[in-house]
Amino acid sequence: MLFRSAFCEMVGFTADELIGHTNPLPYWPPEFAGEYGARQTVRLSGNHVPPREGYESVFMRKDGVRFPVMIYEAPLIDADGRQSGWMASVLDITERKHAEELERVQREKMQRTGRLITMGEMASTLAHELNQPLSAIASYTTGCLNRLESGRFEPDDLRAALGKLGVQAQRAGHIIRRVHDF
């Protein structure tokens, strides 16, 4: 009687509303009644081997609220070794499902945060790597402009500085290509 009482409390129906009721059972959501009825037919045929680990399903409370359950079934075998019925344990797994959903959401948030941290680290590294050749380019350009404005320069001096400027521009380009390839 205690188990029946616990089940009645779970689904919100009284024992009188459930005992002797035929398919579809009142705690079966209408959208699953066909599937559950077919499962019941197989179960009652005696050819059903229930999964040892149980199976998840959805029941409906008297007020229409659906909730997830875990069902464990076992055949009832009489003294002569004949199956005379079924025994089932039904657990409301609403809290477990809620905890799993919270865990999934938290995991997704952590993954997003991890990706943002990685992107930030990559941006910082990229900025640092690009800053060096760009600073050198700016320095060589300023030096060349200063020499040109002073009027006191040798073409070979400018040629050497412009060559170094080109090397630094290529270095910056290689950094960008590496990032693009990555």
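Peer 1: Help me understand the overall build of the protein in this model?
Peer 2: From N to C terminus, the protein includes 5 helices and 3 strands. Overall, the protein shows an N-to-C arrangement of helices and strands of α-α-α-β-β-β-α-α. Against the compact-globule benchmark of 16 Å for 182 residues, the protein has a radius of gyration of 37 Å, which places it well outside the compact range. Dimensions of the protein, computed from the C-alpha atoms along their principal axes, are close to 115 × 35 × 25 Å. Long-range pairs, those at least 24 residues apart, make up 44% of the contacts in the protein between residues at least 6 apart in sequence. As displayed, the protein offers around 13100 Å² of accessible surface, 59% of which is attributable to carbon and sulfur atoms. With 22 positive and 24 negative side-chain charges, the protein shows a spacing of 7 Å between the two charge centroids.

Peer 1: Can you help me understand the sheet that holds strand β2 (residues 66–77) in this one?
Peer 2: Whether parallel or antiparallel, the strands of a sheet pair through hydrogen bonds between backbone atoms. The strand order across the open sheet formed by 3 strands is β1-β2-β3, and the pairing between neighbours is antiparallel. A single partner strand is all that each edge strand has here, and the edge strands are β1 (55–60) and β3 (83–92). Taken pair by pair, the neighbouring strands of this sheet meet at an average axis angle of 45°, ignoring direction. As judged from the 9 bridges shared by β2 and β3, these two strands associate in the antiparallel manner. Pairing of A74 across the sheet is with M87, part of β3. Along the sheet face, helix α3 (residues 33–45) touches β1, β2 and β3 and points at about 125° away from the line of β1. Contacts from helix α4 (residues 94–150) reach β1, β2 and β3, with the element oriented near 130° to β2.

Peer 1: It is not clear to me how the pairing of β2 should be interpreted in this structure. Could you clarify?
Peer 2: Where β1 meets β2, 6 bridges bridge the pair, whose relative direction is antiparallel. In the strand pairing of β2, E56 is matched with M70. Where β1 folds back onto β2 in an antiparallel hairpin, the turn is made up of 5 residues, including G64, whose phi is positive at roughly 95°. The turn joining β2 and β3, which pair antiparallel and follow one another in sequence, is formed by 5 residues; a positive phi near 85° is taken by G81.

Conventions and cut-offs
Residues numbered from 1 in each chain as written. Predicted model: local features only at pLDDT ≥ 70, side-chain atom pairs only at ≥ 80, totals over all residues. Heavy atoms only, no water. Helix = DSSP H or I, 4+ residues; strand = E, 2+ residues; numbered from the N terminus. Rg over C-alpha atoms; globule rule 2.2 N^0.38 Å. Contact = heavy atoms within 4.5 Å. Areas by Shrake-Rupley, 256 points an atom, 1.4 Å probe, with all protein chains shown as cover. Lys, Arg positive; Asp, Glu negative; His and termini not counted. Charge placed at Lys NZ, Arg CZ, Asp CG, Glu CD. Pairing = 2+ DSSP bridges. Axes fitted to C-alpha atoms, helices over the stretch in contact; angles between N-to-C directions.

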